[in-house]
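# Per-entry structural report
The residues making up each chain are set out below.
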Amino acid sequence: MASKSNSDESGIALFMVIAAMTVLSILVTEFTYVTQVNHRMAYDSVDQVKAHYLAKAGFKISLLRLKAYQQVKQLVGGAGGAGAAMVPKALLEKIWSFPFFYPIPADLPGMSMIDRDAITQFQKESSMEGKYSAIIESEGSKYNLNQILAPFAAPLPSPSPSASPSPGAPPATPTPTPSFDPELARNSLKEYLGSILDSKFQADPDFAAEYRDLRIEELIDSIAAYADPQYQKRYNIGREKVPFKKAPFYSINELRNILEMDDALFELFSPGLTVSLTPGININQMKETTLKALVPGIENEEATEFFKFRDAETEDNAFKSQDDFFKYLQAHVRIFRNDESEVRRYRENLDRRGVRLVTDESNFRITVRAQVGQATRILEADVTLVDPKKSPTTPSTPTIPGLPPPISGAGPTSGPPSSFKVTFMRIY
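Residues numbered from 1 in each chain as written. Predicted model: local features only at pLDDT ≥ 70, side-chain atom pairs only at ≥ 80, totals over all residues. Heavy atoms only, no water.

Quick look at the overall build of the protein chain now. Helix and strand counts for the protein chain stand at twelve helices and ten strands. Within the protein chain, buried positions represent 37% of all 428 residues. For the protein chain, contacts bridging at least 24 residues in sequence account for 67% of all contacts bridging at least 6. Accessible surface computed for the protein chain: about 24700 Å², of which carbon and sulfur atoms make up 58%. (Helix = DSSP H or I, 4+ residues; strand = E, 2+ residues; numbered from the N terminus. Buried < 20%, exposed > 50% of the residue type's maximum accessible area, 1.4 Å probe, protein only. Contact = heavy atoms within 4.5 Å. Areas by Shrake-Rupley, 256 points an atom, 1.4 Å probe, with all protein chains shown as cover.)

Turning our attention to the pattern of salt bridges. A full pass over the atoms with the stated rule returns 23 salt bridges. Here E129 ties to K50 by a salt bridge, and the two come within 3.0 Å at their closest N and O atoms. Remark: K50 occurs in helix α1 (residues 2-78) and E129 occurs in the loop between α4 (113-126) and β2 (131-138); sequence separation between them is 79 residues. E129 gets classed as partly exposed once you look at its relative accessible area, which sits at 46%. Classification of K50 by relative accessible area gives partly exposed; the value is 32%. Linking E267 and R256 is a salt bridge whose minimum nitrogen-to-oxygen distance equals 3.8 Å. In this pair, E267 is assigned in helix α8 (residues 263-269) and R256 in the loop between α7 (216-227) and α8, connecting sequence segments eleven residues apart. On the basis of relative accessibility, which here comes to 33%, the residue R256 falls in the partly exposed class. One network of salt bridges, in which partners are shared, links R365, E380, D382 and R426. (Salt bridge = Lys/Arg side-chain N within 4 Å of Asp/Glu carboxyl O.)

On to the packing of helix α5 (residues 182-203) against α7, then. It is the contact of α5 with α7, at a shortest axis distance of 10 Å, that shows an interaxial angle of 130 degrees. By the criterion of interaxial angle, the relationship of α5 to α7 is oblique. The element α5 and its partner α7 pack so that their crossing is right-handed. Between α5, through R186, L189, K190, L193 and G194, and α7, the contact on the second element is made entirely by I216, E217, L219, I220, I223 and A224. Grouping the constituent residues of the contact of α5 with α7 by class yields seven nonpolar, one polar and three charged. (Axes fitted to C-alpha atoms, helices over the stretch in contact; angles between N-to-C directions. Parallel < 35°, antiparallel > 145°, perpendicular 65-115°, else oblique. Left-handed = near helix turned anticlockwise from the far one by under 90°. Nonpolar A, V, L, I, M, F, W, Y, C, P; charged D, E, K, R; others polar.)

Tallied over the entire structure, the rule returns 22 aromatic pairs. Judged by centre distance (4.9 Å) and plane angle (70 degrees), the rings of W96 and F364 are edge-to-face. Placement of the pair is W96 in helix α3 (residues 89-97) and F364 in strand β7 (residues 363-372), with a sequence separation of 268 residues. When sorted by exposure, W96 lands in the same class as F364, which is buried. Relative to Y192, the ring of Y143 lies with its centre 4.5 Å away and its plane at 25 degrees, an arrangement referred to as stacked. Here Y143, found in strand β3 (residues 143-144), pairs with Y192, found in helix α5; they are 49 residues apart in sequence, far enough to count as distant. As far as burial versus exposure is concerned, Y143 and Y192 are alike and both buried. The structure contains a cluster of three or more aromatic residues connected by ring pairs, namely F306, F307, F309, F319, F325, F326, Y328, F336 and Y346. (Phe/Tyr/Trp six-rings, centres within 6.5 Å; stacked < 30°, edge-to-face > 60°.)

This part takes up the confidence of the model for the protein chain. Confidence in the prediction for the protein chain averages 80 pLDDT; 80% of positions are at 70 or higher. Contacts for the low-pLDDT stretch residues 391-398, under 50 throughout, to residues beyond four places or in other chains number nine contacts. Note on residues 400-417: pLDDT is under 50 here. Beyond four places in sequence and across chains, it has 31 contacts. (pLDDT = per-residue confidence, 0-100.)

Before going further, it helps to examine the packing of helix α10 (residues 300-310) against helix α11 (residues 322-332). When two helices pack together, their arrangement is captured by the angle between the axes and the distance separating the axes. For the pair α10 and α11, the least separation of the axes is 12 Å and the interaxial angle reads 140 degrees. With respect to each other, α10 and α11 are oriented oblique. The two elements α10 and α11 meet at a crossing, and its hand is right-handed. Counting all contacts with α10, which are made through E302, E305, F306 and F309, the residues of α11 involved are F325, Y328 and H332. Across the contact of α10 with α11, the residue classes tally to four nonpolar, one polar and two charged.

Spelled out as structure tokens, the structure:
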């Protein structure tokens, strides 16, 4: 009997040892896993911080490029026609329009061994970890979505005096400048988006078949109801995706909150839209989508020839004024029939719609994508260049309700006037 009792006790002891070892193995495995996770999280947190400041570094380099563009532009303008001949407008624009990457590629075609060694040495000494890309885009090349609101409306033409009835008569009174008309502004946006939609329908029959029942009036109605606190919605009342903000769009991505705006329509419309304060559409930077919406009826071949002419590498064909642009349309676009009166009617139509054309760029969107390890940070900012010679008491960018105030970008307030304003910025 004693032998059997000892055997039972030995079996229980063995079971307890095995159970204890199993529990210890689980605990050690769990502790090891938690330690590895915490270790990885700590490194990821450090990488997130590095990526954050790397994105800021790319942003500051982009601001430096814009400052260089502004100074070279003033230098060329101060030299008169000779300066413009030495530095073509298309070449001047490349100061900001060329994408910037870090690390700097050292294997570009035509680069000498000395240049490659200098780049390699610079990157070793910079001690910057990770990589980033910085892209500067023209916001003036797009249509301002917030232009349906009075504070964002483009400046109207200066009032013109009416002709005096006869010699010796009292001086003519100036024709009053028309006030902002929200209905006309909404119709202008409707025509713009409608032109983009029509061009897509002609180029893509499948898309046209899928969206043949889309009513552009309902889309504009929802956009206006979302942004304009004074506007009362007329269609699809109570069917909105999210409650209307009743304030300006601060990001073009807010269009996704509109009931009628699905992913396909957003991808179609967003490249030609902006929410930044712009003086008008830059005809030297606009893309094909904007051109076809701006000039309904222009044919595909004519649009191709337009960009081939404007962006020629061997000649400076950038438009120096609105008149140059209208003269080109009269001579090369068939719908105008080389008729000056047709072009005049077209210009008057643009004025009534509140569409302004500019040839110089002053509004930019900076996008920096930084990556360190597995951590990524994206910085987006809207920057407006201002003339530093202007009085600092004269604001060049108004403060808009619902948007943050502009951020000055050049030194302390007691120093020289700022050369740019950051009107919007976010890092995510």
